[in-house]
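# Coordinate inspection notes
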Amino acid sequence: MPSRYDDVWSLSVRRGFLWPAVDIYGGFAGFYDYGHLGAAMKRNWESLWLDTFLGLDPNYQLIDTTIALPEAALKASGHVDHFTDLLVRCTKCKETWRADHLLEDVTHEAHEGLPPAEADAKIKELNVRCPKCKGDLGPSQPFNMMFPVAVGPLGADRAYLRPETAQGAFLNFKREFEALRRRLPVGLAILGRCFRNEISPRQGTYRMREFLQAELQIFFDPATWDAQVPFDAIAAKDLQVAFADEKGKGAFAMNAAKDLVARGLPKFYVVHMAVVQDYYLRTLAVPPERFRFAELDEKERAFYNKVHFDIEVKQDSLGGFKEVGGVHYRTDHDLGGHQAASKERLEVSVDGRKVLPHVLELSFGIDRNVWAVLDLAYATGEKAVLRMPSRLAPIPVAVFPLMAKDGLDARAAALHERLRRRWRAFYDEGGSIGKRYARMDEVGTPFCVTVDHQTLADGTVTIRERDSTAQKRVAEAGLSETLAALLEGGTAFASL
Ligand code: GAP
C-alpha cells in the first residue's frame, strides 16, 4: 500500500474522521466507525448529493426503506442466484481469497466475472499461490456475498441484509407512483447502510462489509424519455471516458457527448453522465485529470445492467483510479423480476399505454467518496492542509481571540456563541495564533475569525482564508452574512 495511504489514515484516526470499528478488541475486519469530524463531513457530503440529484426534477424524492429483506424479494431481483464473487481457498493454511483479486495482483488487469474453470486455469498457468503461506490454491467456487439473517424466534423466515439500497426503491415504486403525480419519470433516492460479506475486505474503507450507499433510481418510459432529456444542451460537452478496451492502460479520452451517442449510448444515459461529471468536477472540485468514467464489458458488469460505467477518482492512497460509484442502465430487470415473483402488477398507465418502466440508476458509495475527498484534499509537507470544498468541511468556521486577555476572549466567546447557532463553529484560545490556524487547516476549516484589539476599537474582525492564508478585515456586525457568502461560494475573498 503506498505511504500516502498511511498519511490519510493517520490524519483520519488522529483527528477524528474514521477508524476500524471495535478496535479496543483488535478490530472487526471490514467494519469502520466515523468519529466526530468524519460523521459531520459524511453528513455534508450527503446533503450536497441530495441537493444535486433531487434537484434534477421535482418528481425526484427521498425515501427510507428496510435493511432486512425477505429471501423471496432477493430471489426475484437475482441476488440469491447471481450476487457472487469467486472464492478460492488455500489447501495448506485454509485462508480464503478472491480469485479475481489474486489474478489482478499478478497481471494488473481486472478479472472480475471470470467463470470458475477459467479462473482455475489462469491460476495454474500463472502459478499463483497463497499470498500468506505460498501453499497450493484449491478450486474456485462462487460465494454469495449476502449476509443471511434468521427472522423470528425460530428463525423460520429466511432473509438477508440488503446488499444495495436500490431494492427498496423497486419494492416501493408503485406506491410512490400513485402518491406522487402519476407521471414518469419518478426518481426515488435512498441513502443508507448496505452489507456484503466481502471475502477479503481490504484497502480500508474501499472494501467494507457494512457500508453506505447513496442511490437514485430513475423510473422512466423507455418509449419516450430519450427524446425528452435536454441532450442538445450538453451535446458538445466533453466527457472523460475510458472504454473497456482502453482501461488497462489507465487512460481516458475526452469524448464529445454526441460522439458517445453515436457509439450507441442512449441520450438519457449520456445526459446523466454529464450531470455526474459536473457534480465531481464542479461541486466536489475534483481536478479534471483525476476523474473518469470507465466502461465495464459484458463479463465485468453487474448481472442487472445493460449499460454500466463506473465513476472513478484517481487516489494516490489507493494506487490509482478507483471506483466511487456507477451509472447503471438496469432496464426493467428489477420491476420485471418483482412483478413476476410477487404477482403484483407493477406496470403503470401512461397516455393510455401500459408501461413497465425502465430504470437508470445513479449509484454512489458514500464511504468511498468521503475517503476520496480526504485523499485529494490532504496536502502534507511543511504545512498539513485539508483543502476540501467549504460545503464539505466538518467545521466551517473557527473563532479565536488573538490573546486570552484584555476582554478579547470574552468578545470572541460571545461571537462564537452567535455563530454556533448557524454553523458547527469551533472556539480556541490555547497556544499561539499560528498553531491554532495550523490545527484548523489540518481538519479543513476554510475560514478562521480572529478578534483582536482593533475589534474593541472599531468593531472589525479578521477572516483568514485556509487555502491562500490571506486575511481581510470585515465588520463584526455583518459577519454572519459575510461568512455565509464565502461558504456558499466555496472559497475566495474575491466574492467579498
Ligand atoms: N445498486 C447498484 C450497486 O450496488 P455496486 O457497484 O455494487 O452497485 C455501488 O455498488 C457503489 O457502492 C460502488 O460504486 C461503491 O462505491 C460502493 N460499494 C460497493 N461495495 C462496497 C464495499 N464493499 N465497500 C465500500 N463501498 C462499496
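Quick note: structure is the one above.
Heads up: these notes are all about the structure in this document. Small disclaimer: the values here were computed from a predicted structure and weren't measured. (Residues numbered from 1 in each chain as written. Predicted model: local features only at pLDDT ≥ 70, side-chain atom pairs only at ≥ 80, totals over all residues. Heavy atoms only, no water.)

### Regarding the site of the ligand
Rules: Residues are classed as near a molecule or strand on a simple rule: at least one heavy atom within 4 Å of it. Pairing of N or O atoms within 3.5 Å defines a polar contact, subject to two protein rules: one partner must be a possible hydrogen donor and the other a possible acceptor, and residues neighboring in sequence count only if both atoms are side-chain atoms. Surface accessibility in these figures is a Shrake-Rupley result with a 1.4 Å probe; residues are shielded only by whichever protein chains are displayed. Each helix is a run of DSSP H or I of at least 4 residues and each strand a run of E of at least 2, with the numbering of both proceeding from the N terminus.
Near the ligand you find 21 residues, and of these Glu164, Met208, Glu215, Glu323 and Glu361 are the closest. Take tyrosine 206: an N or O atom from its main chain is 3.3 Å from a nitrogen atom of the ligand. Its free accessible area being 550 Å², the ligand has 94% of it covered by the protein chains. Elements that contribute at least two residues to the shell around the ligand include exactly β11 (210-220), β16 (320-331) and β19 (358-365). For the shell around the ligand, the element with the most residues is β16, which contributes 5 residues.

### Points about empty space enclosed by the protein
Rolled over the atoms, a probe as big as a water molecule pinpoints where empty space is left. Heads up, the condition is: We place a 1 Å grid over just the protein atoms. Points where a 1.4 Å probe fits but has no way out form a cavity, open points with protein on both sides within 12 Å along at least 5 of 7 lines form a pocket, and any residue with an atom within 4 Å of a point lines it. Grid points are joined across faces, edges and corners, and a volume is the space filled by probe spheres set on the points. Charged residues are taken to be Asp, Glu, Lys and Arg, nonpolar residues to be Ala, Val, Leu, Ile, Met, Phe, Trp, Tyr, Cys and Pro, and polar residues to be all remaining types, Gly included.
Counted according to the given criterion, the structure contains 1 cavity of 30 Å³ or more. Of the voids in this model, the largest cavity is the one considered here, and its volume is about 40 Å³. Around the largest cavity, the lining residues are Thr205, Tyr206, Gln315, Leu318, Arg368 and Trp371. Taken together, the residues of the lining of the largest cavity break down into 3 nonpolar, 2 polar and 1 charged.

### Here's the deal with the side chain of threonine 165
The criterion, for reference: Any residue under 20% of the maximum accessible area for its type is buried, any over 50% is exposed, and the rest in between are partly exposed; the area is computed with a 1.4 Å probe on protein chains only. Contacts were defined at the residue level, with two residues in contact if any of their heavy atoms lie within 4.5 Å.
By the secondary structure assignment, threonine 165 is in the loop between β9 (157-161) and α7 (166-179). What makes threonine 165 buried here is its relative accessible area of 0%. Within polar-contact distance, the side chain of threonine 165 engages the side chain of glutamate 215 at 2.6 Å. Excluding anything up to four places from it in sequence, threonine 165 contacts Ile190, Gly192, Cys194, Gln213 and Glu215.

### Comments concerning the environment of isoleucine 123
Its place among the elements puts isoleucine 123 in helix α6 (residues 116-125). For isoleucine 123, a relative accessible area of 8% puts it in the buried group.

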